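Chain residues, written in single-letter form:
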Amino acid sequence: MRILTVSISFFLALAFVSARQQVVGTIEKNPGKPLVAVADFRATGTTAPTLMATFNSTVQNDLQGSPVINFIPKTLYPLRIPQVPNDLAAGLAQANAKPAPTPGFRLADWYAPPAKANYLGIGYGAEDRGLFVVFAYLYTTAPNITDLQQAQVFGKVYTASLDQSGAIDAAHHYAADILAQFGGQSLIGTRIVFVSDRTGAKEIWTMNWDGTDQKQITKYNSISTFPSASPDGRIVAFTTYASGYPAIQLFSLDTGRKLPFYNQRASMNAFVSFTPDSKQIVFSSTAGSGAAQLYMANADGSGFRRITSSGAIEVEAKINPKTGTDIVDVSGRSGLPQIYRMNIEGADVQRLSAGTGEATNPSWSPDGSHIAFAWTKGFEPGNYNIFVMDVITKDTTQLTAAEGRNENPGWSPDGAHIVYASKRGRQSQIWVMNADGTGKHPLTSAGNNEKPVWVNAEK
Amino acid sequence: MMKQRMPIAVLATLVLGLSAGCHKKIPPPPPQAPAPVPENAPPSTKPAISYFTAEPTTVTVGQPSSLRWSVADATSVRIDNAIGEVSPNGRRGVYPTATTTYHLTATGPGGTSEADATVTVSSPPPPAPMQTAPQPTIQEILAKQVQDVHFDYDKSDIRAEDQAIIQGDAGALKTVFQMDANFVVTIEGHCDERGSAEYNLALGDRRAAATKDALISLGVPGDKLKTVSFGKERPICTEAMEDCYARNRRAHFSAAQ
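Here the structure is a predicted model, which is why all the values come from computation and not from measurement.

A.B. asks: What is the right way to read the overall build of chain A from this model?
C.D. replies: Within chain A, the regular secondary structure consists of six helices and 30 strands. Classification of the 459 residues of chain A by burial places 44% in the buried group. Excluding contacts between residues fewer than 6 apart, the proportion of contacts in chain A whose partners are at least 24 apart in sequence is 45%.

Next up, the structure:
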């Protein structure tokens, strides 16, 4: 018996050691996607060095948040960090030197464990005529490529203002160029429209996708809320009580000015969703007497016709951004609010949500494969969390838990992030997370901020 | 003439004196008592009231007047109206609450004299007769008589326990519209904070509409009733408790803008 026990222990220990050797390395967030390392950039000059911490962390965040690559943690990097192509050339020249030089200047050092990178980003920052400039490169580490010129995927100079926002801007562009190599979509130029009461009344605001440059669009000093945006990135639609009744208004995101919109005579007009070509809308109205129903119209409100007559409340219609031929909405036809799917004519109605609790705030992923939504599943009314559902299989994943009341999810144009509102205690703020629920962080802090919508870069 | 009488008087006295001293004679009768006062003595005068006046002669309630009098030849002077015995000359402040005639009686050996002084009391006009109830304004009716209607969670139908409120509201609203034919009332629909703001916008609209329909069926003119939903945007309380939730699930009445 004693020998058996010892033997088992020995084999377990052996297995443990072997397993440990295999565990060292990246936990691949996106299986099968390329592994990319980007070393920290340093800088010359007096101001540029103070900007590099921001530059490096912004590059890292953008790459970590992407579904098209796996970013390799910096703890696995070699000790010597190359900055320019000449460093890599020197590394190649020293390849057979004895004693072997400290690893890092050879691409092969990055391809080898523990980094196991497929690609390496290097570069440095500097000042030139009062501007911040970054010399940045991307190399493949594939061992069959021995010519340094061939190994270079791209080399670019990025120019920005010599300050923190310039560092952020240059970093976003460098990261976007890296991701573009692998089919990743840039978020540069995308914005988030949202509702803020920080001026004392609910108004419509806009900000960059990373939370910078928060700007007020409406100044009605009334209640202005429920924003949405056209797919061409040009128009924000919302509902305002400025005239005394909840009515729809459109503003141009270019000029910040009001655009014409015809509201039907009704006690309530709200919840605009645009077709993929930005030329038509579906919205909710009480024009027909009875509960709010879905209507279709031109983008200026003309030519309206009703598309549902359920006799129950129909709100929050969202047109499929990929096909433009079907809609999801929130309906009270079975009691408490649930999410339904129907075609653009209002036919072929089927319930998507499970039927328990209250399901609201549906939002399509850009490829039309999933919806994110808010659900009280398993909890008392008002206790909402963000869920994501595959619309074909109806498989549902929970993305938030025990972190306040989470609502109004909105998908980023690259399908990799979800912006949402989280109310903790008495205050609501806008947060963003990766589409798998990781990497949650807030974008706002002043006043109450809610109802975020991610807007495409202008086409 | 005196000179002529004197010798007779002297002579009489000598005669008497001599007679007395000379020999024992019958004593003269004692002098007689003076004659009694006759019953019909010449009469004394009655007390003389020089004046008995009131100054001023007209007052309003609560204001004083001054009585003044002067009486001679009196042993007792009395004034009625609880003033009583007074000295023959005097003054007294009085505060009559109604028109009063003061009566002075002076009594003396010569008799009794009387006099009157009147103080007229004028009063402010009495208040107009009380109305049975003061007429409220439209704003007061809206604020106090037209009460909120409440709803169950996720529901917009009028509950049995709110029927009496609906009826009371119907009566009060009809009164309002009779008082002002141009007045319009807005019915606001509200929700508690738990549901989504989007769904609650439509639910509040249902609540306002259901309330309007119920009032119309009781005869309130429909063209005087507007409806609007505030969803959960205008709570009257914010505690995360059932009591507050129930208060927020309401239809509320206000003057249309």
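A.B. asks: What is the right way to look at the sheet that holds strand β27 (residues 417-424) of chain A in this model?
C.D. replies: Two orientations exist for strands paired in a sheet by backbone hydrogen bonds: parallel and antiparallel. Residue and element names in this part refer to chain A. Pairing is antiparallel across the open sheet formed by four strands, whose spatial order is β26-β27-β28-β29. Pairing within the sheet leaves two strands with one partner each, and these edge strands are β26 (405-411) and β29 (441-442). Where strand β28 (residues 427-434) and β29 come together, two bridges link them in antiparallel fashion. Its bridge partner being in β29, W431 is matched across the sheet by P442.

A.B. asks: Could you clarify how one ought to interpret the domain arrangement of chain B in this entry?
C.D. replies: Often, the extent of an interface is quoted as the loss of accessible area on bringing the components together. One can read the domain layout of chain B as domain 1 (48-122) and domain 2 (138-255). Between the C-alpha centres of domain 1 of chain B and domain 2 of chain B the distance comes to 73 Å.

A.B. asks: Teacher, can you tell me more about the confidence of the model for chain B here?
C.D. replies: Where the model shows low pLDDT, its predicted coordinates should not be examined in detail. Per-residue pLDDT for chain B averages 87, and the proportion of residues at 70 or more is 83%. For this predicted complex, the interface confidence comes out at an ipTM of 0.86, alongside a pTM of 0.75.

A.B. asks: I keep staring at the interface of chain B and chain A and nothing clicks. Help me out?
C.D. replies: On the chain A side, the residues contacting the 17 residues of chain B number 26 residues. Where the side of chain B that touches chain A is concerned, the elements lending two or more residues are α4 (197-217) and β11 (225-229) of chain B. With seven residues, α4 of chain B is the largest single contributor of residues to the side of chain B that touches chain A. A class-by-class count of the residues in the side of chain B that touches chain A yields five nonpolar, five polar and seven charged.

A.B. asks: Would you mind going over the sheet that holds strand β14 (residues 269-274) of chain A with me for this structure?
C.D. replies: The four strands lie next to each other as β14-β15-β16-β17 (chain A), forming an open sheet whose pairing is antiparallel. This sheet does not close on itself; its edge strands, each paired only once, are β14 and β17 (305-306) of chain A.

A.B. asks: Explain the domain arrangement of chain A to me, please; I cannot follow it from the model alone.
C.D. replies: Residue and element names in this part refer to chain A. Looking at chain A, the domain boundaries give domain 1 (28-180) and domain 2 (191-455). Between the C-alpha centres of domain 1 and domain 2 there is a distance of 39 Å. In this assembly, six residues from domain 1 lie in contact with five residues from domain 2.

A.B. asks: What exactly am I supposed to notice about unusual backbone geometry here?
C.D. replies: Trans is the prevailing form of peptide bonds, just as negative phi is the prevailing case for residues other than glycine. Following K98 of chain A, the chain continues to P99 of chain A via a peptide bond in cis, the omega torsion being -5°. Among the structural elements, P99 of chain A can be located in the loop between α3 (85-93) and α4 (107-111). Backbone torsion omega between E55 of chain B and P56 of chain B reads 0°, so that peptide bond is classified as cis. The residue K394 of chain A is not glycine, and still its phi comes out positive at about 65°.

A.B. asks: Hey, could you run me through the environment of D109 of chain A in this one?
C.D. replies: Residue and element names in this part refer to chain A. Along the chain, the position of D109 falls in helix α4. By the C-beta count within 10 Å, which is 21 here, D109 ends up buried. Excluding its chain neighbours within four sequence positions, the residues that come into contact with D109 are P78, P103 and G104.

Rules used throughout
Residues numbered from 1 in each chain as written. Chains lettered and ligands numbered in written order. Predicted model: local features only at pLDDT ≥ 70, side-chain atom pairs only at ≥ 80, totals over all residues. Helix = DSSP H or I, 4+ residues; strand = E, 2+ residues; numbered from the N terminus. Buried ≥ 20, exposed ≤ 12 C-beta atoms within 10 Å, placed from the backbone. Contact = placed C-beta atoms within 7 Å. Pairing = 2+ DSSP bridges. Domains from an automatic or database assignment. pLDDT = per-residue confidence, 0-100. Nonpolar A, V, L, I, M, F, W, Y, C, P; charged D, E, K, R; others polar.

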